[in-house]
Amino acid sequence: MKKLIALVGVLLVIAGALAVAFTPDILSLLIISLMCLILLLGFSAGMVPLMLYADGLRTARGNIVHLSEISTDTPWVALQQLEYFFHQKTLDDLFALYRSKINEQQKEDQVPSDIEDVINEEALALRSWQNVVNQIPGTMTALGLLGTFLGLIMGISSISFSSVDATISSIETVLQGIDVAFYTSIVGVIFSILFNLCHKLLWNLLVRELGLFTESFHMYIMPSAAEQTRLRRNKEMQQILERLERLPKNHGYMPAAAPTAAALNPGNEQRLMPEIQEGMKNGEFIFYVQPICDLNTRAIIGGEALMRWKHGDFGLVPLNDFISVVESNGYITKLDQYIWEEVCKTIRHWIDSGIRPVPLAINISKTDLMAIDLIQFFKTLIHKYKIPPRYLELEIAESAYLQCEGAARDTGDVLQQAGFRLVIDGCQDDFMGMLALKEAKTDALKLDLRYFSDDQHRGTEKLQAALEQAKKFRLPVIASGIENSEQMTILRRAGCTSGQGYYLYKPMSLQEFEELIKR
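A brief structural summary. All of these numbers come straight from a predicted model, not from anything done at the bench.

Procedures and definitions
- Residues numbered from 1 in each chain as written.
- Predicted model: local features only at pLDDT ≥ 70, side-chain atom pairs only at ≥ 80, totals over all residues.
- Heavy atoms only, no water.
- 1 Å grid on protein atoms, 1.4 Å probe; cavity = no way out; pocket = protein on both sides within 12 Å on 5 of 7 lines; lining within 4 Å.
- Points joined across faces, edges and corners; volume = space filled by probe spheres on them.
- Helix = DSSP H or I, 4+ residues; strand = E, 2+ residues; numbered from the N terminus.
- Nonpolar A, V, L, I, M, F, W, Y, C, P; charged D, E, K, R; others polar.
- Phe/Tyr/Trp six-rings, centres within 6.5 Å; stacked < 30°, edge-to-face > 60°.
- Buried < 20%, exposed > 50% of the residue type's maximum accessible area, 1.4 Å probe, protein only.
- Core = buried A, V, L, I, M, F, W, Y, C linked by side-chain atoms within 4.5 Å.
- Contact = heavy atoms within 4.5 Å.
- Axes fitted to C-alpha atoms, helices over the stretch in contact; angles between N-to-C directions.
- Parallel < 35°, antiparallel > 145°, perpendicular 65-115°, else oblique.
- Left-handed = near helix turned anticlockwise from the far one by under 90°.
- Polar contact = N/O pair within 3.5 Å; in protein donor to acceptor, adjacent residues only side chain to side chain.
- Salt bridge = Lys/Arg side-chain N within 4 Å of Asp/Glu carboxyl O.

Taken as a whole, the largest pocket spans an internal volume of roughly 1300 Å³. Around the largest pocket, the lining comprises 42 residues; the ones closest to its centre are Glu 304, Leu 306, Leu 319, Asn 363 and Asp 425. No other element matches the 5 residues that strand S2 (residues 300–311) contributes to the lining of the largest pocket. Its residues assigned to classes, the lining of the largest pocket shows 19 nonpolar, 11 polar and 12 charged.

Below, the discussion takes up the packing of aromatic side chains. All told, the structure shown has 17 aromatic pairs when counted by the stated rule. Both rings, one in Trp 350 and one in Phe 513, keep their centres 6.0 Å apart while their planes meet at 35°; by these two values the pair is tilted. One end of the pair, Trp 350, is in helix H13 (residues 332–353); the other, Phe 513, is in helix H21 (residues 510–518), and 163 residues separate them in sequence. Considered together, Trp 350 and Phe 513 belong to a single accessibility category, that of buried residues.

Grouped together as the largest cluster of nonpolar side chains are 78 residues, with contacts concentrated most on Ile 276 and Phe 378. Take this core: its biggest share by element is 8 residues, from H13. Apart from residues no more than four positions distant in its own chain, Ile 276 is found in contact with Phe 285, Trp 309, Phe 322, Val 326, Tyr 331 and Leu 335. Listed in part, the 52 residues of the second largest apolar core include Val 48, Ala 60, Leu 94 and Phe 195.

Orientation of H13 relative to helix H15 (residues 374–385), taken along the N-to-C sense of each, is 30°, at an axis distance of 10 Å. With respect to H15, the element H13 is oriented roughly parallel. Handedness of the H13/H15 crossing: right-handed. Mapping the contact onto sequence places Gln 337, Trp 340, Glu 341, Cys 344, Lys 345 and Arg 348 in H13 and Leu 374, Phe 377, Phe 378, Leu 381, Lys 384 and Tyr 385 in H15.

Bringing unusual backbone geometry into the picture now. Of note in the backbone geometry, His 87 takes a positive phi value of approximately 55° without being a glycine. You can see His 87 is positioned in the loop between helix H3 (75–79) and helix H4 (89–107). Even without a glycine there, the phi angle at Lys 386 is positive, about 55°. Of note, Lys 386 is situated in the loop between H15 and strand S5 (392–397).

Turning our eyes to something else, we now look at the side chain of Lys 446. Topologically, Lys 446 is positioned in strand S7 (residues 444–448). A distance of 2.5 Å separates a polar atom in the side chain of Lys 446 from a polar atom in the side chain of Glu 395.

To continue, consider the pattern of salt bridges. For the coordinates displayed, the defined rule picks out 13 salt bridges. Lys 384 is the partner of Glu 341 in a salt bridge, and the nearest nitrogen-oxygen pair spans 2.7 Å. Taken together, the residues Glu 341 in helix H13 and Lys 384 in helix H15 connect sequence positions 43 residues apart. Connected through salt bridges with shared partners, the residues Asp 55, Arg 58, Arg 61, Arg 208 and Glu 209 form a single ionic network.

Functional significance is not addressed by these values, which are geometric in nature.
Quick look at the structure:
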């Protein structure tokens, strides 16, 4: 890095020396000297710190790798024993602030902050006068124009035609002024380009080193705050699930031949959970599919996977009889993951059997969003079953998205970049809610028409208004809960082209759905 500092410095010195050596007069010399002084200040105050920061970040990366190889304790504890982590004063001072902040957060059992919160481009730019340095190329050009202006004024002001000698002298003076004007202007442009080129090169080098350092720090020393939050939530949910696994299985219990609502009472969690866990082991949890159709042609373009419990004794158990229990105790995450994998198996089966696959939508709850590493889970699923991600449509409930907007948006962005389609489900006629979703990078909103069926005339007006709002916000709409031809007409007129509901198809078994898409 010292060689690079010397190289850039020598390059600027040579450029300045050449410019001074060929100055045509005293005025040009003064202006060029002022330019050289500004170049020197910009180099020492703005460029040298960038190179020193880059060198310090490279040194820190080496220390991180060394600690990860030899440390027998946690890397963070070992790192705190180093007096100088970067061997660069500014960076070491910033890291001392970060270290004290982390220690305070750990005492209060808070999620530690990111290293980027303290050591980032903005902090380093502030400490190396980058806002000032960025003005230097423009200043060089402005000084060149000033020399041009002064040179022309000097030449024009001395024009005289009183005699032949005076005329010849005036012409010589004008030519000297033009010489000054062109020389200072050209030198100003050259200095501007040269300084800007060197500065951008060094800044990009610093940004690269900062990115590599941050990546190494997260990998070997301390994960990012978002990753730590996700790990903490996963750990807490795992503890809940482990406690659920330890619930008594009650293998000797044989439900009497009584109605389902009595035998599987949703208010009796201790009696219901062993049945649910046993049902998981026996493969009793399946999914039905409700077709999603093109509203213009009624052709099936997809489907929504809906969880069902096919109990060994009672047959299909109503969702309301058990869903509140598994949602309240967190067991819903296990059921959802099981259903999601069954959906992926089905899509793989279609591909292998020559059945034209259609996208299947799966539901993601708030608990799933907070407790599961959805990014890793879905990436693992599509890799395991070798299915294109476009066949898996991820539906996040609107309430879950708004309550966990930060986590939902971050997770959704990554999954969309991986090729998954993201839909926000359960949208109503709430203008403020739709306004909040305006900035969401969702592929579509699923509008629940059940919220528009309170009064026929008023419900129609509310539906039309909601569709108009979505259109205004440029949010594509999928309609759910279509129950009559009037709703179909309203949706078509509003430009909504896809939807589902009992008017089109009821939820059906997977076998029935496969027969439909085979046609």
